[in-house]
Amino acid sequence: PSLGKVETKVLEGKIVGLLFSVESNKSCSNFVNKLLGIYDEIQKISTAGAGGVGFEVVFVSGDTDEASFKQSMKKMPWLALPFDVKGATTAKLARRFKVEVMPSLVLVGSNGTTLLSRYGYSLVTRFGSKAFPFTQEHIRDLEKVEDQNASKLPVELKDGAHEHRDYVIRNDGSKVSIQSLQGFKCYGLAFVAHWYPTARAFVDKHLIPLYEQIRARHGKRSIEIIFVSDDVNYIEFMEFFQTMPWLALPFQDRRTELILSTKLNVQSIPAFAIFDGDGKLLFREGRSVILRHGSRAYPFTPHHVSKLDVIQRKRASKLPADVKHPQHEHTLDLVRDWYDNFGMFVCDACLDEGNGWFYHCERCSWDLHPACANPKFDLQKSGSTDFRCYCYRANIFKKMLKLQPKETLT
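Per an unreviewed UniProt entry, the chain is named protein-disulfide reductase, and its organism is Selaginella moellendorffii.

See the structure below:
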């Protein structure tokens with residue numbers, strides 16, 4: 001396409017996807033190709049809808065030279081922000097929407113202000129054009145269909161996917177037969193990797209305490225977890241595995257990893273799928289359940305988790321509607337029924353993950369755990385998760401753009 005100017009009014013009344021991408025990155029190229037494959041289809045769906053809500057993509061470049069930017073634009077039928085050699089606009093938008101890695105697709109509602117999701121990459125990769133119009137209700141309907149298609153623990157794990165393997169391993173190298181795994185009350189598949197700080201933090205700060213607490217309270221046959229590695233080499237795999245008290249798929253069995261990831265639609269890590277003792281899928285996004293309720297969620301039945309959600313909702317109803325925090329200049333509002341990446345967020349005060357209720361600045365997209373606002377506001381009350389500062393957020397994107405200190409956004 002030509003690089004002529006287009007007035008921003010063409011975006012009015014449309015759902016807009018802000019595509020953060022860079023020409024030199026293979027993952028970005030793969031996602032752009034994916035988006036190209038469904039762009040026209042979404043355009044047709046959007047214009048044919050009852051409300052006539054359109055859809056458009058705007059490319060936000062992370063390229064450091066104009067030649068790469070123009071090379072990216074050659075294959076894109078959509079719009080783009082003008083190239084900025086300093087990357088100031090891209091950096092400002094990245095801070096505004098907390099974009100830390102590329103590719104990312106931030107979805108903004110047709111009114112131009114409502115944030116539908118910061119995780120459009122996952123929605124598009126997972127559901128394709130069916131994800132449109134990206135609303136909470138629509139995505140939940142798609143998830144129900146997914147759950148019906150993946151209602152059992154994959155036979156590739158229980159029976160041994162690899163014709164030469166019928167076992168998993170301990171971190172001392174010893175083998176544990178697939179047959180001996182029968183009889184646990186529930187199972188978890190942990191899709192994590194040493195190279196990703198968020199995955200390491202999830203394992204260290206949430207998953208290991210949960211595993212130890214459940215087995216201490218309910219017995220050693222209460223839960224078993226299997227590490228499904230996304231590490232790039234065996235050394236990193238073993239280094240990470242040494243910190244874990246559970247089992248793992250052998251690193252060399254990449255075929256099983258691919259099969260499990262595909263069947264469970266794992267598009268990003270960390271991910272944690274939970275199954276009952278019969279192999280029935282309980283929660284595809286078990287990570288959100290753990291962040292919300294910790295070990296109290298055991299035995300992870302939907303009925304039990306729903307009761308915990310109700311209790312947490314009642315506690316949240318007693319919280320102040322807004323708070324001030326010394327690390328942020330604006331008033332923070334209590335957010336209810338937030339749905340973005342299954343309700344997960346990162347607290348800007350302690351930099352730890354959270355799920356569910358939190359305080360939020362709409363202007364700056366600044367988030368805060370209730371317990372970080374005031375220890376008395378801790379909705380868990382069980383001690384299963386603390387909120388000590390634990391900085392692990394990925395800085396690859398920030399280094400690439402050489403972001404300056406955070407400024408006030410207007």
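On we go from here.
S.K.: Which parts of the structure should I look at to understand the environment of S46?
M.R.: Tracing the sequence through the fold places S46 in helix α1 (residues 26–48). For S46, a relative accessible area of 1% puts it in the buried group. Between the C-alpha atoms of S46 and I15, which are 31 residues apart in sequence, the distance is 9.2 Å.

S.K.: What should I look at first to understand helix α10 (residues 286–293) in this one?
M.R.: Counted residue by residue, α10 has eight buried out of eight residues, so it is predominantly covered. Residues of α10 that are buried: G286, R287, S288, V289, I290, L291, R292 and H293. G294, located one to two residues past α10, shows a positive phi value of around 60°.

S.K.: What's the story with helix α11 (residues 302–316) in this structure? I'm lost.
M.R.: It helps to recall that an α-helix has 3.6 residues per turn; residues three or four apart then point in one direction. For α11, spanning 15 residues, the distance from its first C-alpha to its last is 20 Å, which sits close to the expected 21 Å at 1.5 Å a residue. V305, L308, D309, Q312 and A316 are the residues of α11 that are buried. Seen end-on, α11 carries its buried residues on one side only, within an arc spanning 105°. Within α11, the exposed residues directed more than 90 degrees away from the buried face are H303 and K314.

S.K.: How do you make sense of the sheet that holds strand β14 (residues 328–335) when you look at a structure like this?
M.R.: The four strands lie next to each other as β13-β14-β17-β18, forming an open sheet whose pairing is antiparallel. If you trace the sheet from one side to the other, it starts and ends with β13 (322–325) and β18 (366–368), each paired once. In this sheet, adjacent strand axes meet at a mean angle of 35° when their direction is disregarded. Pairing of β14 with strand β17 (residues 358–361) involves three bridges; the strand directions are antiparallel. Residue pairing across strands places D333 opposite H360, the latter belonging to β17.

S.K.: Looking at this structure, how should I read the pattern of salt bridges?
M.R.: Pairing of side chains with opposite charge becomes possible as their charged atoms draw close. In the structure shown here, the tally under the stated rule is five salt bridges. Across the salt bridge formed by E7 and K9, the nearest N and O atoms sit 3.5 Å from each other. The exposure classification of E7 matches that of K9, with both residues exposed.

S.K.: For this particular structure, what's the right way to read the nonpolar core?
M.R.: Across soluble globular proteins, nonpolar side chains show a tendency to be buried alongside one another. Membership of the largest hydrophobic core comes to 57 residues, with the highest contact counts inside it found for L181, F191, L207, F227, W246 and F300. Counting residues per element, this core draws most heavily on helix α7 (residues 197–218), which supplies eight residues. Core analysis: the second largest hydrophobic core is formed by 26 residues, Y39, F59, L107 and I139 among them.

S.K.: What should I look at first to understand the confidence of the model for the chain in this one?
M.R.: The predicted coordinates should not be examined in detail at positions where pLDDT is low. Across the chain, the average pLDDT comes to 78, with 81% of residues at 70 or higher. Considering each helix and strand of the chain separately, the mean pLDDT is smallest for helix α13 (residues 396–401), with a value of 36, and largest for strand β9 (residues 223–229), with 95. The low-confidence segment residues 158–162, where pLDDT is below 50, has 13 contacts with residues more than four positions distant or belonging to other chains. This model gives residues 381–410 a pLDDT under 50, and the stretch forms 68 contacts once residues within four places in sequence are excluded.

S.K.: Explain unusual backbone geometry to me, please; I cannot follow it from the model alone.
M.R.: Excluding glycine, residues mostly have negative phi values, and the peptide bonds linking residues are mostly trans. Looking along the chain, the bond that leaves F132 and enters P133 is cis, with omega of 15°. Along the chain, the position of P133 falls in the loop between α4 (120–127) and α5 (136–149). Of the consecutive residues Y298 and P299, the connecting peptide bond is found in the cis state with omega at 10°. Within the secondary structure, P299 is located in the loop between α10 and α11. Of note, F134 is a non-glycine position whose phi angle comes to about 70°, a positive value. In this structure, F134 sits in the loop between α4 and α5.

S.K.: Hey, could you run me through the side chain of T256 in this one?
M.R.: Looking at the secondary structure, you find T256 in helix α9 (residues 254–263). Polar side-chain contacts of T256 include one of 2.8 Å to the side chain of D253.

S.K.: Would you mind going over the pairing of strand β2 (residues 54–61) with me for this structure?
M.R.: Consecutive side chains of a regular strand alternate in pointing toward one face of the sheet and then the other. With eight of eight residues buried, β2 is to be regarded as a mostly interior element. Burial along β2 is two-sided: G54, E56, V58 and V60 and F55, V57, F59 and S61, pointing in opposite directions, are all buried. Examined bridge by bridge, strand β1 (residues 14–21) and β2 share eight bridges and lie parallel to one another. Residue pairing in the sheet places K14 in a bridge with G54 of β2. As paired strands, β2 and strand β3 (residues 79–80) are joined by two bridges and run parallel to one another. Directly across from V58, in β3, lies its bridge partner L79.

S.K.: When you look at the sheet that holds strand β5 (residues 115–117) in this model, what are you seeing that I'm missing?
M.R.: Think of a sheet as strands paired side by side through backbone hydrogen bonds, with each pair either parallel or antiparallel. The five strands lie next to each other as β3-β2-β1-β4-β5, forming an open sheet whose pairing is mixed. With one partner strand each, in any of the chains shown, β3 and β5 form the two edges of the open sheet. One ladder, built from two bridges, connects strand β4 (residues 104–108) with β5; its direction is antiparallel. When the bridges of β5 are listed, V108 appears paired with L115. In the packing of helix α3 (residues 88–97) onto the sheet, the strands contacted are β1, β2, β4 and β5, and the crossing angle to β1 comes to about 115°. Along the sheet, α4 contacts β4 and β5; its crossing angle with β4, the most-contacted strand, is approximately 100°.

Cut-off values and rules
- Residues numbered from 1 in each chain as written.
- Predicted model: local features only at pLDDT ≥ 70, side-chain atom pairs only at ≥ 80, totals over all residues.
- Heavy atoms only, no water.
- Helix = DSSP H or I, 4+ residues; strand = E, 2+ residues; numbered from the N terminus.
- Buried < 20%, exposed > 50% of the residue type's maximum accessible area, 1.4 Å probe, protein only.
- Expected span 1.5 Å × (residues − 1).
- Arc of directions from axis to C-beta.
- Pairing = 2+ DSSP bridges.
- Axes fitted to C-alpha atoms, helices over the stretch in contact; angles between N-to-C directions.
- Salt bridge = Lys/Arg side-chain N within 4 Å of Asp/Glu carboxyl O.
- Core = buried A, V, L, I, M, F, W, Y, C linked by side-chain atoms within 4.5 Å.
- pLDDT = per-residue confidence, 0-100.
- Contact = heavy atoms within 4.5 Å.
- Polar contact = N/O pair within 3.5 Å; in protein donor to acceptor, adjacent residues only side chain to side chain.

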